Amino acid sequence: MNEEKHWDNIGRAYDSQIFDVFTSDRKKILPGFFKKHARKSGTAIDFGCGTGKSFQYIAPLFKQVVGVDISNELLSQAAKRQYKNVLLKQMDLTKPRLSLPKADFAFCCNVAMLPEIEKTHTIIRNIQRALKPGGTALFVLPALDSVLYAAWRLIEVYKREGVAIDNIPDSEFDYFKATKRRLLEGIIYIDNVPTKHFMRSELDVVFSNAGFTLTQVEKVEYDWNTELSSPPRWLKDPYPWDWLVECKKDT
Ligand SMILES: C[S@@+](CC[C@H](N)C(=O)[O-])C[C@H]1O[C@@H](n2cnc3c(N)ncnc32)[C@H](O)[C@@H]1O
């Protein structure tokens with residue numbers, strides 16, 4: 001897929017079409033993690049910043065923030081936020097040797113999820129390289145475990161309504177339309193777009209291979225209406241989630 005074209009085309013429809021992690025984060029876990037890593041004299045980079053939704057949280061906590069994205073259209077929307085200490089750069093994060101200032105803190109929210117697995121790993125490695133030794137990165141990543149869990153709960157919802165598993169409409173499981181092999185690689189179709197999802201144990205391997213030490217893995221939890229069109233009232237926790245990965249660059 002041509003990511004630049006894809007995201008430029010979404011353009012103005014971004015806010016209505018693209019899932020907003022910040023407003024959907026049920027427990028508002030993200031702002032606490034930003035504060036934990038605040039450095040008033042330091043530099044933070046938002047890798048794949050989109051329209052700059054993170055800036056309101058990050059900009060007051062760092063001297064300089066760099067927002068990087070492949071889409072000029074989304075960057076032009078980010079520029080309208082007019083933060084004095086935010087610098088915007090157009091860049092393809094899957095390319096080798098990115099020219100960026102060394103960062104104390106990196107944020108990457110739902111970007112390292114390209115269906116080309118090697119490209120996704122390159123993004124993670126590029127972020128590791130852009131950090132100062134000992135610097136911290138915070139990733140939000142789609143969870144394969146959550147998708148499987150949500151499907152399992154959907155089967156229960158139907159069962160309680162008297163619908164046996166074999167009679168559930170196939171369309172309910174359209175997001176499992178990758179080939180067997182691609183499914184095992186974690187490819188799930190979100191709004192018809194193949195999207196890399198991660199298993200919990202996979203995070204240990206992938207981040208270690210990229211030169212990171214995981215310091216904390218949490219869930220960014222979302223309400224059921226982000227997964228099901230009309231979730232029943234009884235459907236409560238555990239809620240669906242993305243992984244929140246906090247990691248340190250190995251020294
Ligand atoms: C789902 S959006 C998330 C945006 C933002 N992080 C947020 O949470 O609001 C994915 C973003 O990744 C950017 N992106 C996708 N592929 C990229 C690449 N190869 N290099 C840089 N940015 C990329 C897109 O342009 C888009 O802004």
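Shown above is the structure to which this text applies.
Residues numbered from 1 in each chain as written. Predicted model: local features only at pLDDT ≥ 70, side-chain atom pairs only at ≥ 80, totals over all residues. Heavy atoms only, no water.

## As for the nonpolar core
If you look at the biggest cluster of nonpolar residues, it comprises 42 residues, and the most contacted ones within it are Phe47, Ile127, Phe139, Leu141, Phe207 and Phe212. Among the secondary structure elements, those contributing two or more residues to this core are β1 (39–47), β2 (62–69), β4 (103–109), α7 (117–130), β5 (131–142), α8 (144–160), α10 (200–209) and β9 (241–249). When sequence neighbours within four positions are dropped, the list of residues in contact with Leu141 reads Asn110, Ala112, Phe198, Leu203, Phe207, Asp242, Trp243 and Val245. The next biggest cluster of nonpolar side chains, apart from the first, holds 25 residues, and it includes Leu30, Ile58, Leu75 and Phe107. (Core = buried A, V, L, I, M, F, W, Y, C linked by side-chain atoms within 4.5 Å. Buried < 20%, exposed > 50% of the residue type's maximum accessible area, 1.4 Å probe, protein only. Helix = DSSP H or I, 4+ residues; strand = E, 2+ residues; numbered from the N terminus. Contact = heavy atoms within 4.5 Å.)

## Remarks on the environment of Ala137
Looking at the secondary structure, you find Ala137 in strand β5. In this structure the C-alpha to C-alpha distance between Ala137 and Val65, which are 72 residues apart in sequence, comes to 14 Å. Those residues in contact with Ala137 that lie beyond four places of it in its chain are Ala106, Ile127, Leu131, Phe212, Val245, Glu246 and Cys247.

## Thoughts on the pattern of salt bridges
Overall, the coordinates contain 14 salt bridges when judged by the stated rule. Each member of the salt-bridge network shares a partner with another, and the members are Arg26, Lys27, Glu221 and Asp223. (Salt bridge = Lys/Arg side-chain N within 4 Å of Asp/Glu carboxyl O.)

## Overview of the site of the ligand
Gly48, Asp69, Asp92, Leu93 and Cys109 are the nearest of the 20 residues found near the ligand. Between Asp69 and the ligand, the recorded distance is 2.5 Å, taken from a side-chain N or O atom to an oxygen atom. Take Asp92: an N or O atom from its side chain is 2.9 Å from a nitrogen atom of the ligand. About the coverage of the ligand: the protein hides 96% of its 590 Å² of free accessible area. When its residues are assigned to classes, the shell around the ligand shows eleven nonpolar, five polar and four charged. (Near = heavy atom within 4 Å. Polar contact = N/O pair within 3.5 Å; in protein donor to acceptor, adjacent residues only side chain to side chain. Areas by Shrake-Rupley, 256 points an atom, 1.4 Å probe, with all protein chains shown as cover. Nonpolar A, V, L, I, M, F, W, Y, C, P; charged D, E, K, R; others polar.)

## Remarks on the pairing of strand β7 (residues 193–196)
Where strand β6 (residues 187–190) lies against β7, four bridges are found, and the strand directions are antiparallel. Within β7, the residue paired with Ile187 across the bridge is Lys196. The loop that links β6 with its antiparallel partner β7 comprises two residues; one of these, Asp191, has a positive phi angle of about 50 degrees. (Pairing = 2+ DSSP bridges.)

## Concerning the sheet that holds β5
In a beta sheet, neighbouring strands are held together by backbone hydrogen bonds and run either parallel or antiparallel to one another. Reading across from one edge, β3-β2-β1-β4-β5-β9-β8 is the order of the seven strands in this open sheet, with mixed pairing throughout. Looking along the sheet, the strands with just one partner apiece sit at the ends: β3 (86–90) and β8 (212–221). Neighbour-to-neighbour, the strand axes of the sheet open up by a mean angle of 15 degrees, direction not taken into account. By the bridge criterion, three bridges tie β1 to β4 in an arrangement that is parallel. What sits directly across from Ala44, in β4, is Phe105. (Axes fitted to C-alpha atoms, helices over the stretch in contact; angles between N-to-C directions.)

## Some remarks on the pairing of β1
One ladder, built from six bridges, connects β1 with β2; its direction is parallel. Across the sheet, the residue bridging to Arg39 is Phe62, located in β2.

## With respect to the packing of aromatic side chains
Taken as a whole and judged by the stated rule, the model has 17 aromatic pairs. Measuring from centroid to centroid gives 6.2 Å for Trp7 and Tyr14, while their planes differ by 50 degrees, and the two rings are tilted. Each member of the pair Trp7 and Tyr14 is classed as buried. Note on Phe22 and Phe107: the rings are 6.1 Å apart at their centroids and 55 degrees apart in plane angle, and the pair reads as tilted. You can see Phe22 sitting in helix α3 (residues 21–24) and its partner Phe107 sitting in strand β4, a full 85 residues away along the chain. Like Phe22, the residue Phe107 is buried in the burial classification. Cluster of aromatic residues (ring-pair linked, three or more members): Phe22, Phe34, Tyr57, Phe62, Phe105 and Phe107. Against the face of Phe198 rests Lys196, its NZ or CZ located 4.7 Å from the ring centre. (Phe/Tyr/Trp six-rings, centres within 6.5 Å; stacked < 30°, edge-to-face > 60°. Lys NZ or Arg CZ within 6 Å of the ring centre and 35° of its normal.)

## Description of the side chain of Lys249
Positionally, Lys249 belongs in strand β9. The side chain of Lys249 sits in the buried core without any salt bridge; Asp250 is the nearest counter-charge, 9.7 Å away. A distance of 2.9 Å separates a polar side-chain atom of Lys249 from the backbone oxygen of Gln128. There is a polar contact of 3.0 Å between the side chain of Lys249 and the backbone oxygen of Leu131. Aside from chain neighbours lying at most four places away, what touches Lys249 is Gln128, Arg129, Leu131, Lys132, Pro133, Gly134, Gly135, Gly211 and Phe212. (Lys, Arg positive; Asp, Glu negative; His and termini not counted.)

Note that all results are geometric; they support no functional claim without further evidence.
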